[in-house]
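Chain residues, written in single-letter form:
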Amino acid sequence: MRLLDLFIQILKEKGIRGIGVNFETDLEEIALKVANGEFFLSECKDYRSIVPVECEVADVCLSKKREVDEKIAVSKEDVVSRDNFPYIAIDCRFYEMHSEKEKRSLKKQIEQTLGSIRRFLWDDKLIIAGKNFGIGKYYERLEDFLIEKGIKEVVLLDPYAEEVFKGEKARCYVVGGIVDKGEEKVLTPLIGKALRDSNFEVLSRKIELRGDKIGVPDRINQIVEILLRVVCDGEDVERAVRIVQPRVVARWRLRKELSKVSFRVLVGDKVFRAVKRSDLKIFDWLNVNEEDFYYVARELRFFVVSDEFFKLLKWNDERRSYSIN
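Residues numbered from 1 in each chain as written. Predicted model: local features only at pLDDT ≥ 70, side-chain atom pairs only at ≥ 80, totals over all residues. Heavy atoms only, no water.

Description of the side chain of Ser63
Topologically, Ser63 is positioned in strand 4 (residues 60-63). A polar side-chain atom of Ser63 sits 2.8 Å from a polar atom in the side chain of Ser42. Residues in contact with Ser63, not counting those within four places in the same chain, are Phe39, Phe40, Ser42 and Glu70. (Helix = DSSP H or I, 4+ residues; strand = E, 2+ residues; numbered from the N terminus. Polar contact = N/O pair within 3.5 Å; in protein donor to acceptor, adjacent residues only side chain to side chain. Contact = heavy atoms within 4.5 Å.)

If you want it as structure tokens, here you go:
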């Protein structure tokens, strides 16, 4: 369930069939503005158009400024009182260890993370600890937030964890505010250690794609979107990774997988490696298309042959290669 699903549920329970508005918008944006406390729904007055819930009847209007004695139909409190959504915390305690370039990248990724949050939840659900970017809710230490909310157990998404993330439920998911543009920084496990030292229970989990981290997006906003698709939408991890996966990242994994299905072809005294054109179908779990397939094959210097041509090849057991009959 996303915020939009909860919002529609609240509207239907209150018998609201349509919302009068004075600017172009949709239900998803209205839900976010109400949950963020920017707007509320009140008795109908002036409006230009209707955003339908069940039919185009304006039972309430979207308002920003409350007038005296105005009756409010739905407000932020209605959403918060039904809140069963998790917090997403980005721990930036190692911010000063980053280069200036990495700091700029980190800021951009966190700004993009807010966009991901807004498709599923609302702004207060994004917690930023250790560095104030003016985004989400800021805490000097993640521990302070957890104590304030009475949260004793968190799931830490750690690429170095031993166990794989399978959609474990938690009130708070923690992602390291860590960007690595050069030398590898093994810092996320230190966040887990610090939280454990403060008596929090930490379930460290890594996101994998068919047993490998290669092909899993590593940008913070993409990790958070994968997480929310699994936790809020109930998608399995593999499908969530594929949906979020940029094609350039999918190509990283395709390079590895294509080598596994390639075969040797003996032509005279020369040996070439090749793949079948139909092999593209077995990579439907990656966000790649035919263009990516040929791009990676060319990059690896593999020939792409038709299945008809492959049937003409004869296996040479001694040379462990195929040859043309």
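That was the structure; now back to the text.
Some words on the packing of helix 1 (residues 3-13) against helix 2 (residues 27-35)
Axis separation between helix 1 and helix 2 bottoms out at 9 Å; the angle between their running directions is 85 degrees. Between helix 1 and helix 2, the crossing angle belongs to the class labelled roughly perpendicular. Contacts between helix 1 and helix 2 pair Leu3, Leu4, Phe7, Ile8 and Leu11 from the former with Leu27, Glu28, Ile30, Ala31, Leu32, Val34 and Ala35 from the latter. Here the contact of helix 1 with helix 2 is built from residues that sort into 11 nonpolar, no polar and one charged. (Axes fitted to C-alpha atoms, helices over the stretch in contact; angles between N-to-C directions. Parallel < 35°, antiparallel > 145°, perpendicular 65-115°, else oblique. Nonpolar A, V, L, I, M, F, W, Y, C, P; charged D, E, K, R; others polar.)

Things to note about helix 5 (residues 142-149)
The complete set of buried residues in helix 5 reads Leu142, Glu143, Phe145 and Leu146. All buried residues of helix 5 project into a common sector of 160 degrees when viewed along the axis, lining one side. Tucked into the core, helix 5 has its buried residues touching strand 6 (87-91), strand 7 (126-129), strand 8 (137-139), strand 9 (153-157), strand 11 (172-176) and helix 6 (188-197). The first or second residue beyond helix 5 is Gly150, which carries a positive phi of 70 degrees. (Buried < 20%, exposed > 50% of the residue type's maximum accessible area, 1.4 Å probe, protein only. Arc of directions from axis to C-beta.)

What about the packing of aromatic side chains?
Considering all chains together, one arrives at 10 aromatic pairs under this definition. Note on Tyr95 and Phe133: the rings are 5.9 Å apart at their centroids and 75 degrees apart in plane angle, and the pair reads as edge-to-face. Of the two residues, Tyr95 is situated in the loop between strand 6 and helix 4 (100-120) and Phe133 in the loop between strand 7 and strand 8; the sequence distance between them amounts to 38 residues. Across the pair, Phe133 and Tyr95 agree in class, each one buried. By the ring-pair criterion, three or more aromatic residues cluster together here, those being Tyr87, Tyr139 and Phe145. If you follow Arg251 out to its NZ or CZ, it ends over the ring of Tyr295, 4.0 Å from the centre. Just above the ring of Phe310 sits the side chain of Lys276; from NZ or CZ to the centre is 4.8 Å. (Phe/Tyr/Trp six-rings, centres within 6.5 Å; stacked < 30°, edge-to-face > 60°. Lys NZ or Arg CZ within 6 Å of the ring centre and 35° of its normal.)

A word on helix 7 (residues 220-231)
The end-to-end C-alpha separation of helix 7 is 16 Å, in line with the 16 Å expected for 12 residues at 1.5 Å each. Within helix 7, 12 of the 12 residues are buried, leaving the element largely enclosed by the surrounding structure. Those residues of helix 7 that fall on the buried side of the exposure criterion are Ile220, Asn221, Gln222, Ile223, Val224, Glu225, Ile226, Leu227, Leu228, Arg229, Val230 and Val231. Contacts made by the buried residues of helix 7 are with strand 6, helix 4, strand 9, strand 11 and helix 8 (237-244). (Expected span 1.5 Å × (residues − 1).)

A few points about the pattern of salt bridges
A complete count under the given rule lists 32 salt bridges for this structure. Glu143 is paired through a salt bridge with Arg93; the nearest N and O atoms lie 3.2 Å apart. Of this pair, Glu143 sits in helix 5 while Arg93 sits in the loop between strand 6 and helix 4, placing them 50 residues apart in sequence. Classification of Arg93 by relative accessible area gives partly exposed; the value is 31%. (Salt bridge = Lys/Arg side-chain N within 4 Å of Asp/Glu carboxyl O.)

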